[in-house]
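Okay, here's what each chain looks like letter by letter:
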Amino acid sequence: MDAEKNPLDRVPQHIAIIMDGNGRWAQSKGLPRLAGHRAGTENLKTILEACVEFGVKYLTIYAFSTENWERPESEVKGLMRIFRTMFDRELKNLHENGVQLRHLGKLDRIDAALRKQVIDAIELTKNNQRLILNVAFNYGGRAEIIHSIQQIIRNEVEPEEVDENLVDQHLYTAGSPDPDLVIRTSGELRTSNFLIWQAAYAEWYFTPTYWPDFGKEELKKALLDYRERERRFGRVSSEDA
Ligand code: IPE
Ligand code: IPE
Ligand code: MG
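Residues numbered from 1 in each chain as written. Chains lettered and ligands numbered in written order. Predicted model: local features only at pLDDT ≥ 70, side-chain atom pairs only at ≥ 80, totals over all residues. Heavy atoms only, no water.

**Let's talk about the site of ligand 1**
Working step 1: Near ligand 1 lie 13 residues; those nearest to it are D20, G23, R24, R33 and R71.
Working step 2: A distance of 2.9 Å is found between an oxygen atom of ligand 1 and a backbone nitrogen or oxygen belonging to G23.
Working step 3: At a threshold of 2 Å from the grid points, most atoms of ligand 1 map onto the largest pocket.
Working step 4: Secondary-structure elements contributing two or more residues to the shell around ligand 1 are α1 (22-28), α2 (33-54) and α3 (73-96). (Near = heavy atom within 4 Å. Polar contact = N/O pair within 3.5 Å; in protein donor to acceptor, adjacent residues only side chain to side chain. 1 Å grid on protein atoms, 1.4 Å probe; cavity = no way out; pocket = protein on both sides within 12 Å on 5 of 7 lines; lining within 4 Å. Sits in = over half its atoms within 2 Å of the grid points. Helix = DSSP H or I, 4+ residues; strand = E, 2+ residues; numbered from the N terminus.)

Structure (structure tokens):
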């Protein structure tokens, strides 16, 4: 590869991914939707390994939204089963590879066994530092902002003391930097309630590729695209300054 075009030159510190298109991937192969979710989970392993290899520090993945409960019960149940199996199979490996697991969202609606798996996994991996994996699971961006406001009100903060930092500190993501790059697979061009506060100045990358097919080479393409972006944060171009 051309040395000047190395996607790994300027790797984002924090990548967030809307892992979309599992259902359509399966349907395009004449398979049930749950087969797509299983393939998507396998692909997550690939992308996680690639992120560790590329030196990404934070990876946030959208696994299940607050709106996804509206899907047919059989799909929701199947998804929960897949998550449980994934924890059983993969946790040891993640831990050995220095991955720290964090959860974004609410655990109250999650069944007790899976909830315990999540809590135990967070405890087990809390000192790992190689890569922070935020799992957005039963997550909604609006619910997260409400959660932050509720905490602030509970602390009896004066209105004048409410600023962006304070809101940040009470989001599920407190302690993680904002995402630099948000990737959405499957061709949809919307946020679907993902990190609506934190992604205010993220770079977005959309690809028609369905999530189960979004492998290491596709991730490199996204990084190459990111590498060429100029992040201005409302200022003028650094070339004009
Ligand atoms: C994303 O894939 C996974 C979850 C939402 C859990 P989808 O299930 O949304 O796949 P499509 O968008 O229907 O193809
Ligand atoms: C967003 O995808 C949620 C996850 C990937 C977990 P959806 O498939 O639920 O989003 P919409 O319905 O297309 O907006
Ligand atoms: Mg979808």
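**Points about the packing of α3 against helix α4 (residues 112-125)**
For any two helices packed against each other, one specifies the inter-axial angle together with the distance between the axes.
Working step 1: Two numbers describe how α3 lies on α4: the axes approach to 10 Å, and their chain directions differ by 20°. Considering the angle they form, α3 stands roughly parallel to α4. The two elements α3 and α4 cross, and the hand of that crossing is left-handed. Here α3 contributes M80, F83, R84, F87, D88, L91 and H95 to the contact with α4, which in turn contributes A113, L114, Q117, V118, A121, L124 and T125. (Axes fitted to C-alpha atoms, helices over the stretch in contact; angles between N-to-C directions. Parallel < 35°, antiparallel > 145°, perpendicular 65-115°, else oblique. Left-handed = near helix turned anticlockwise from the far one by under 90°. Contact = heavy atoms within 4.5 Å.)

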